[in-house]
Every structure is written in C-alpha cells, then in structure tokens.
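Analysis of the macromolecular model
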Amino acid sequence: MAGFLAAGPPAAAADADLVRNGGFEAGLDGWSCSGGSGAIVTTPVHGGGSALRATPAGQDNARCSQTVTVKPDSAYTLTAWVQGAYVYLGASGTGTTDVSTWTQTPGAWKQLTTTFRTGPSTTSVTVYTHGWYGQPAHVTDDLSLIGPDPGGPGQPRPPAAPTGLAASATSPTSVALTWSAVPDATSYTVHRDGAAPVSVTSASAAVTGLTAATTYTFRVSAVNAAGASPQSAPVSATTPGGGGGGGGLPAHALVGYLHASFANGSGYVRMADVPASWDVINLAFGEPTSVTSGDIRFRLCPVAECPNVESPAEFKAAIKAKQAAGKKVLISIGGQNGQVQLASTAARDTFVSSVSSIIDEYGLNGLDIDFEGHSLSLATGDTDFRAPTTPVVVNLIAAVKTLKARYGPDFVLTMAPETFFVQLGHQYYGSGPWGGQDPRAGAYLPVIHALRDDLTLLHVQDYNSGSIMGLDNQYHSMGGADFHIAMTDMLLTGFPVAGNTARVFPALRPDQVAIGLPATTNAGNGHTSPAEVNKALNCLTKKTDCGTYQTHGTWPGLRGLMTWSINWDRFGGWEFSRNFDAYFGG
C-alpha cells in the first residue's frame, strides 16, 4: 500500500487535472458509487459548495469511482481532501503497480496524495475513494488527477461559472431562478442548501416542493462534456407564509407542561393561575394501569400531596376559560414514569377508548405523546422507518390515527421524544443490521414519519441527553445554543437514517417544530440560559449568531419553544416565559 499525507510534486507546465467533476459541484456527474452509497452534501465542504458523502453499509464499503483517460508511460499525482476514519484514495488499472493511501483518524479535513506511473500501453485508469466496513459515513472533496493530458492543447475545458443569478419566490412552495447563459455550457446544475442538485438545460429553473415562510440559498454551476464550472455567487429567497397545519396556534407558540396529577419541589399551579403566555398547556400525565394494558388514567393531584389543588369542577371550568382565550389544553401520555407499550391490538383499542374518555371528560383539544424509557423499542429486523413492523410502534400509529379521525381536523397532536429516539437515528437505528445496538435508538422516527400529516408540533427534549452527531458529522452537547441549532437543523433539513442515504427521514415543516428545554436548572440537565436560547432562535430564524455551525436553511416560521415545565418556570420567577414573550413580542 503506497501513499502519504503530504502534497505531491509540482505539476509540469503541460499537465492538467483529468478528473471530471472532482469538486462534486455537478452532483455525482461522472461518478459511480456502489450500492447507491454516495450523496452530495453542502456541509461539510472543503472547497466550493458541495462534497461527496458516502456511507458504508453491510458488505459495501461505499466505493465511488471514475474512469479517466490517461497517457501511456506517464507520471500522475492523485489527490483528495477527506473527512472520516479509514477513508481510502486509490487508482487501479495503471498498467504498473496500483496504488492507494488512507487515513484512519476522523476530524478535520486531511489531504490524501499518492502517485503512479502508467504502463506503456495504458490509456485509462480508475480512480476511487471508499470507506471501510462498519464505519460511519465519510466525506471527500476536491479530488484531482494531475498529469499529462492525453488529448493535448485544444481539448474541451469546463465552462465558466454562471453570473447574474436572481431568485424570486413565486408561491409558498416555489422559487423561480434565472441567470446569464454561459458559452459552451450544455446544461446547468442548481444547488440548494440541504438538497440534492438538480440538472436543467436552460438558464432558468423553477424550484418546487419548498416550505412556506422559509429562506433558501441557491447557487448554479455550468456543465459540459469536460466537467462542471465553479458555482456561482449565492442568492437567497424567502417563500411567503402558507397557513394551515398549525392546529389554531399563533405563529409563534409557547408550550408548557402543567404538573396536574402530582406534586414535586416546584409546587402545584392551579389551571386558572397559568399565565396567558402559555399557548399550549399539556396536562402531565395520563399514565397506564400497567405497562402493556393500554388503559390510560388521569386524576388531579390528591389533596394530601397538593393542598391548594382545585376541585374537578373548578379545573374543568378553568380549561374552558383557557380555551375561550384561544389556548389549547392537551392530555400528555407517558412521562418519565409512565411506560406505555401497546404490544397487542387489544391494548391498542383500550388506549383509544381510555384516552377518548379523558379527552371527553375534560373537554381537551388533543393529545401529547411523551413516551419515554422503554415504551418504544424496535424489534430485531425492523430496519426501515418507512415501513415499521414492531407491534408497539404499529399499534401506536394506528391508535393515534383512530383518535385523529374521531375528533377531526381540529385535533391537536404533539410529541415530546428524547434525542435518543430521534436525532440519534442519524447514526443508529434499532438493534442495527447485525443486532447488538440499543433497540430504542431512533424508535420514534417511524411514529413521527407515519403521522407527519397529522402532527401539529414536534418538540424534542433537547435536555437529559448525551452528545449527538449533527449533520456536520460533529458531536454536539447540550446546554448551549449550538446543541439546539444542530438538533433543530436536523429536523428541518432531514437526515439519512443510520447513515443510509437511501433512507432519508424527510424534513418537517418549520411550523411543526418547537425546541424543548428545561425551564430552570432544577427542571432537568442541559438548562440553557435565556441569552443562549435567543442565540439559537436568531440562528434558526435569521441565520445570525450561529457560531461555527452552518444551518441548511433559515426558518422564520419556526413555531416556538416548549419547556418542562410551567411549574418549574414559576419556581424560577417566570424567566423562561418572560424571555419568550420578550423575544417574540408577546
């Protein structure tokens, strides 16, 4: 195995870069990746606006290759910039000694370089990059093969970068692009942050399938037989608001959990005393009579625990008053101690009937699913979030769909999973293809995906969490703006599940997403100061205060914030809700 991590010898005056689209600015044009393992990403990149991300899976090491025409009996230098562990760069079919080099340390960009000499009758070689079995995805950019041009002077060259790019939002879901035509270009590639490149044949494009009230950034490259140009200067456009799907919520909503059935150190808060700042009030908690019964019960906190608890009649009257003021009151099922496993159809049906009884008795607006612990776990062999087979998952989806159908379009559905059950699915999903992983990893993804058209709000708990890898392939830790930015960017951009680019969890609408945080240091690990909360909001809605993380879009329509809990916020002097009101002008 030959190779080194230093720059190669300087190119001779007549040498040329023979690789087509080595910067991946024209998507995968010119490249072939085994098993569909390759995808184009916009972060991280080494140069330009795109890079290659390839993900090993099973017995596939994610090999991406290109066959290049070369000159016999000539010296060539092969170079690429890579991120990841056990990333290989090599050339085969040289006619002499095939070569490769590799790096085993992840982290910052590293340059791989190797050299070879072609045989006396060699007219083509295959250059490639690949990862290693069982390793995470790796990234490659700016791959070049420098040496004598077999065609000599006068051979075709890639076109110049397009100029004059302009963008205009034509509807809540589409943007029109125009630019100046480039001589010698036969097509163009439109690049959008967080999306696969799109090829067009004229100097204009209509980009559809976008999200309302969202800012998008576009670039364009020109393409001909010799390769792709550098990308144009970027241009941004913001789609107008589209309305709908909000469950009757304000544009920016504050969600809080009310300790209605138990007491703790934060003290009991009567429903009538909940301040008007709170737009969604989740009653914590409805809990099962046993883990697998599906029979959910809710009761007010006993007087012995909560001396100031109101009567059931007063509680119901206060709910009606909140609703008359435009607030939503939901029953939250589960919580830390309420394990719910709908392992049978009987449990599924009991869940529907018992939850309906609670909603009807208290006149509630809907349901919050706060399944934690071991409530959701994926069976061995259940590897595709788009088609789950695990009974507890399939039965939960069916139960919620039944409730939605029963109560109609105004039914409010929210979810509060932990990061372990959602964003961790970017790396690990269930027990994995060979078993041995925690089967709870990513287990909420099939539920969210199946119910995304019914979902009002997803507010993942960005607390009590370990470090999670973001779309930048870096680990992020709770407690500061960076964690909320990276975790929310994943929800609003979408992400490959278990690194499989053929199974991408699609982005949610920004009006479906709120950030979940603890109200005080007493409420949970990972408390975030108001200043850091505001930085996260600035980055996600305005693309300012982002720090080192680069989001894949700007989402002024982000719905808002959730906190555990209203009680803990009162304990903390209402710091959390007052900061929300100050930021959004409440």
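These figures come from a predicted structure and were not determined experimentally.

**Examining helix α6 (residues 530–542)**
- Taking 1.5 Å of rise per residue, 13 residues should cover 18 Å, and α6 covers 17 Å from first to last C-alpha, within 8% of that figure.
- If you check which residues of α6 are buried, you get Val533, Asn534, Ala536, Leu537, Asn538, Cys539, Leu540 and Thr541.
- Its buried side turned inward, α6 meets α5 (481–493), β31 (514–518), β32 (560–564) and α8 (575–584).
- With its phi angle positive at about 60 degrees, Lys543 sits one or two positions after the end of α6.

**Some points on the packing of α6 against α8**
- One way to put it is that α6 packs onto α8 with a least axis distance of 11 Å and a crossing angle of 35 degrees. Here the hand of the crossing between α6 and α8 comes out right-handed. On the side of α6, the interface is formed by Pro530, Val533, Asn534, Leu537, Asn538, Thr541 and Lys542, while α8 contributes Glu575, Asn579, Tyr583 and Phe584.
- Among the residues making up the contact of α6 with α8, the classes are represented as 5 nonpolar, 4 polar and 2 charged.

**Comments concerning the nonpolar core**
- Counting residues in each nonpolar core, the largest one holds 111 residues, and the members touching the most others are Leu283, Phe351, Leu367 and Met415.
- Per-element accounting of this core gives the leading share, 8 residues, to α5.
- Judged by nonpolar contacts, the second largest core, of 27 residues, contains Leu18, Val19, Trp31 and Leu112.

**So, the state of the cysteines**
- By the definition in use, this model includes 3 disulfides.
- Two residues share a disulfide in this structure: Cys33 and Cys64, whose sulfurs sit 2.1 Å from each other. Because the torsion about its S-S bond is 115 degrees, the bridge between Cys33 and Cys64 counts as right-handed. You can see Cys33 sitting in strand β2 (residues 32–33) and its partner Cys64 sitting in strand β5 (residues 64–69), a full 31 residues away along the chain.

**Some words on the pairing of strand β20 (residues 253–259)**
- Of all 7 residues making up β20, 7 are buried, and the element is well covered by its neighbours.
- Where burial is concerned, the two faces of β20 agree: the one with Ala253, Val255, Tyr257 and His259 and the one with Leu254, Gly256 and Leu258 are both buried.
- Two strands pair when backbone bridges link them, and β20 and β32 are joined in this way by 4 bridges, in the parallel orientation. The residue bridging Ala253 from the neighbouring strand is Gly560, located in β32.
- Both β20 and strand β21 (residues 280–288) contribute to a ladder of 5 bridges, which runs parallel. Paired with Val255 across the two strands is Val280, which belongs to β21.

**Considerations on the pattern of salt bridges**
- Enumeration according to the criterion identifies 14 salt bridges in this entry.
- Glu361 is paired through a salt bridge with Lys316; the nearest N and O atoms lie 3.6 Å apart. Of the two residues, Glu361 sits in helix α2 (residues 345–362) while Lys316 sits in helix α1 (residues 312–324), which places them 45 residues apart along the sequence.
- The shortest N-O distance in the salt bridge between Asp384 and Arg386 comes to 2.9 Å.
- A residue is classified by how much of its surface remains accessible, and Arg386, at 44% relative accessible area, is partly exposed.
- One connected set of salt bridges, linked through shared partners, spans Asp384, Arg386 and Arg503.

**Focus on the environment of Pro433**
- Among the structural elements, Pro433 can be located in the loop between β25 (412–415) and α4 (445–450).
- Separated by 50 residues in sequence, Pro433 and Thr383 place their C-alpha atoms 7.1 Å apart.

**Notes on the sheet that holds strand β7 (residues 87–92)**
- Strand order in the open sheet formed by 5 strands is β2-β5-β10-β7-β8, with antiparallel pairing between adjacent strands. In the strand order of this sheet, the two ends are held by β2 and β8 (99–103), each with one partner.
- Looking at chain direction, β7 and β8 are connected through 5 bridges and run antiparallel. Opposite Ala91, over in β8, you have Val99 as the bridge partner.

**Brief notes about the packing of aromatic side chains**
- Enumeration according to the criterion identifies 23 aromatic pairs in this entry.
- For the ring pair Tyr407 and Phe411, a centre distance of 5.6 Å and an interplane angle of 15 degrees mean the geometry is stacked.
- Judged by relative accessible area, Tyr407 falls into the partly exposed class, the value being 26%.
- Of the residues examined, Phe411 reaches a relative accessible area of 3% and is grouped as buried.
- Following the ring pairs from residue to residue traces out a cluster consisting of Tyr86, Tyr88, Trp102, Trp132 and Tyr133.
- When the ring centre of Phe420 is taken as origin, the NZ or CZ atom of Arg440, which lies over that ring, is 5.4 Å away.
- A cation sits over an aromatic face here: Arg452 above Phe505, 5.0 Å from the ring centre.

**Looking at the layout of surface pockets**
- The space that makes up the largest pocket amounts to roughly 960 Å³.
- Forming the walls of the largest pocket are 40 residues, and the residues nearest its centre are Thr55, Gln135, Pro136, Gln427 and Ala498.
- No other element matches the 4 residues that strand β30 (residues 500–505) contributes to the lining of the largest pocket.
- Looking at side-chain class alone, the lining of the largest pocket contains 16 nonpolar, 21 polar and 3 charged residues.

About the thresholds
Residues numbered from 1 in each chain as written. Predicted model: local features only at pLDDT ≥ 70, side-chain atom pairs only at ≥ 80, totals over all residues. Heavy atoms only, no water. Helix = DSSP H or I, 4+ residues; strand = E, 2+ residues; numbered from the N terminus. Expected span 1.5 Å × (residues − 1). Buried < 20%, exposed > 50% of the residue type's maximum accessible area, 1.4 Å probe, protein only. Contact = heavy atoms within 4.5 Å. Axes fitted to C-alpha atoms, helices over the stretch in contact; angles between N-to-C directions. Left-handed = near helix turned anticlockwise from the far one by under 90°. Nonpolar A, V, L, I, M, F, W, Y, C, P; charged D, E, K, R; others polar. Core = buried A, V, L, I, M, F, W, Y, C linked by side-chain atoms within 4.5 Å. Disulfide = S-S within 2.5 Å. Pairing = 2+ DSSP bridges. Salt bridge = Lys/Arg side-chain N within 4 Å of Asp/Glu carboxyl O. Phe/Tyr/Trp six-rings, centres within 6.5 Å; stacked < 30°, edge-to-face > 60°. Lys NZ or Arg CZ within 6 Å of the ring centre and 35° of its normal. 1 Å grid on protein atoms, 1.4 Å probe; cavity = no way out; pocket = protein on both sides within 12 Å on 5 of 7 lines; lining within 4 Å. Points joined across faces, edges and corners; volume = space filled by probe spheres on them.

Coordinates in, geometry out; function isn't part of it.
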